[in-house]
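Understanding the architecture of this molecule
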Amino acid sequence: NAGVTQTPKFRVLKTGQSMTLLCAQDMNHEYMYWYRQDPGMGLRLIHYSVGEGTTAKGEVPDGYNVSRLKKQNFLLGLESAAPSQTSVYFCASSGTTPAPFFGPGTRLTVL
Amino acid sequence: EDQVTQSPEALRLQEGESSSLNCSYTVSGLRGLFWYRQDPGKGPEFLFTLYSAGEEKEKERLKATLTKKESFLHITAPKPEDSATYLCAVHPGGYQKVTFGTGTKLQVIP
């Protein structure tokens, strides 16, 4: 039982490049989330999903897109990376109990 | 708008020196308050869920309590391995969107 896994762990992009962050959970959770964590800002919700095939905007969705084609996977895309997107990205999931369970994070630097 | 404020931002304790971390919140209809521990370079690790005022939860040297406006994380006789950032979050219900505080960074000195 791996819980929530994220790929990659680290990534460096140049401004304007695109990438996809992968998240997988093996707990059969309905809800999945993407957060970003910045110093002094706490965890902020980017997008979330309440089930397979659904997505919704969170607090800071601009510049990001998501897809949930399979229940266990939640993908976060950056179409044209900007330095303001330098952050640590966490995927999380939750089921019948509302507390999200987090993955190990992806540290992204945009130059 | 849901808000979570944690204090202090940072706390330095001697080993064995008990203290409390505070989490003040405003939320429309609290369905749950969560505490997490986060070590540097890692994801938040779930500790407790509190559902109603007066509820208490314990785990080793940690005890979480809840009132209608705030929650406390009491640390009894802390050890250096308790050093971490502790996050508080509130769940208002609905589509399970959770609002996090910015955390208290705890350092326990041997």
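Our structure is the block above this text.
Attention here is on the structure that accompanies the text. (Residues numbered from 1 in each chain as written. Chains lettered and ligands numbered in written order. Predicted model: local features only at pLDDT ≥ 70, side-chain atom pairs only at ≥ 80, totals over all residues. Heavy atoms only, no water.)

Let us now look at the interface of chain A and chain B. Bring the parts together and some accessible area is lost; that lost area is often taken as the interface size. Every contact between the two is made by 23 residues of chain A and, on the other side, 19 residues of chain B. In total, about 1600 Å² of surface goes out of reach between chain A and chain B, with carbon and sulfur atoms giving 64% of it. Its largest share of buried area at the contact with chain B, chain A owes to L43(A), P98(A) and F102(A), together 29% of the area lost on that side. Summed over the shared surface of chain A and chain B, the number is 0 salt bridges. Counting only elements with at least two residues in the side of chain A that touches chain B, the list comes to β4 (31–38), β5 (42–49), β9 (87–94) and β10 (101–102) of chain A. Residue classes in the side of chain A that touches chain B are distributed as 15 nonpolar, 7 polar and 1 charged. (Contact = heavy atoms within 4.5 Å. Buried area = accessible area lost by both parts, 1.4 Å probe. Salt bridge = Lys/Arg side-chain N within 4 Å of Asp/Glu carboxyl O. Helix = DSSP H or I, 4+ residues; strand = E, 2+ residues; numbered from the N terminus. Nonpolar A, V, L, I, M, F, W, Y, C, P; charged D, E, K, R; others polar.)

Attention now goes to the sheet that holds strand β7 (residues 62–66) of chain B. Residues and elements named next belong to chain B. The antiparallel open sheet is built from 5 strands, whose spatial order is β1-β3-β8-β7-β6. Only two strands of the sheet have a single neighbouring strand rather than two, namely β1 (3–7) and β6 (56–59). The sheet shows a mean angle of 15° between the axes of neighbouring strands, direction not considered. (Pairing = 2+ DSSP bridges. Axes fitted to C-alpha atoms, helices over the stretch in contact; angles between N-to-C directions.)

All right, on to the environment of E58(B) then. Residues and elements named next belong to chain B. Here E58 lies in strand β6. Take E58: its relative accessible area is 62%, and that puts it in the exposed class. Note: C-alpha distance between E58 and F48 (10 residues apart in sequence) is 8.2 Å. Among residues more than four places away in sequence, those in contact with E58 are F48 and K63. (Buried < 20%, exposed > 50% of the residue type's maximum accessible area, 1.4 Å probe, protein only.)

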